[in-house]
Amino acid sequence: MTKRRDGPSLPEQKSQLLRLKQDLEQFKSRQAGAAVVGSLQARIRELESSISRAEAARVTDRDSRRPRGDEEDSESGGMPMPDGTMRATSSRFPPRGRPGRTL
């Protein structure tokens, strides 16, 4: 995935979140100052919300690109009919021609 103009990509954000959580555990085990732990926890919360927004936007974008079920049934030539037969596509596609053959 390429880097977006407005910031790091989703995988980069996830790896950064993992590193920050590891750093937080190390600071807690060393009994670091509350200011350091607090600012690190705030940054983790911000990054988690950013990741969740990015994932939600990705799902919404993917859903908007996918055709709805009723559109797929009415427009798709590959969908079987209720009796199991396939729908003819000759009305939508011209016949295949052979090279050198004229109609």
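Because the structure is predicted, anything quoted here is derived from the model rather than measured. (Residues numbered from 1 in each chain as written. Predicted model: local features only at pLDDT ≥ 70, side-chain atom pairs only at ≥ 80, totals over all residues. Heavy atoms only, no water.)

(A) Focus on the nonpolar core. One finds L10, L17, L20, L24, V37, L40, I44, L47, I51 and A54 forming the largest nonpolar core, which totals 10 residues. When contributions to this core are tallied by element, the ones reaching two or more residues are α1 (10-29) and α2 (34-65). In terms of residues, this core owes the most to one element, α2, which gives six residues. When near neighbours in sequence (up to four residues on either side) are disregarded, L47 contacts Q13, Q16, L17 and L20. (Core = buried A, V, L, I, M, F, W, Y, C linked by side-chain atoms within 4.5 Å. Buried < 20%, exposed > 50% of the residue type's maximum accessible area, 1.4 Å probe, protein only. Helix = DSSP H or I, 4+ residues; strand = E, 2+ residues; numbered from the N terminus. Contact = heavy atoms within 4.5 Å.)

(B) Representation of α1 in the model. The end-to-end C-alpha distance of α1 is 29 Å, a good match for the 28 Å that 20 residues give at a rise of 1.5 Å each. The complete set of buried residues in α1 reads L10, Q13, L17, L20 and L24. The buried residues of α1 occupy an angular sector of 70 degrees when the element is viewed end-on, so they sit on one face. Every exposed residue of α1 that faces more than 90 degrees away from the buried side is listed here: L18 and S29. For α1, the secondary structure elements touched by its buried residues are α2. Remark: Q31 follows α1 within two positions and exhibits a positive phi of approximately 55 degrees. (Expected span 1.5 Å × (residues − 1). Arc of directions from axis to C-beta.)

(C) Representation of the packing of α1 against α2 in the model. Where α1 meets α2, the closest approach of the two axes is 10 Å, and the angle between their N-to-C directions is 155 degrees. In terms of orientation, α1 lies roughly antiparallel with respect to α2. As for the relative orientation of α1 and α2, their crossing is left-handed in sense. Residues of the contact of α1 with α2, tallied by class, amount to 12 nonpolar, four polar and eight charged. (Axes fitted to C-alpha atoms, helices over the stretch in contact; angles between N-to-C directions. Parallel < 35°, antiparallel > 145°, perpendicular 65-115°, else oblique. Left-handed = near helix turned anticlockwise from the far one by under 90°. Nonpolar A, V, L, I, M, F, W, Y, C, P; charged D, E, K, R; others polar.)

(D) Structural detail: the confidence of the model for the protein. Within the protein, residue pLDDT values average 77, and 60% of them lie at 70 or more. Here helix α3 (residues 69-75) is the element of the protein with the lowest mean pLDDT, 50, and α1 is the one with the highest, 91. Below pLDDT 50 for its whole length, residues 71-77 participates in 13 contacts with residues either more than four positions away or in separate chains. (pLDDT = per-residue confidence, 0-100.)

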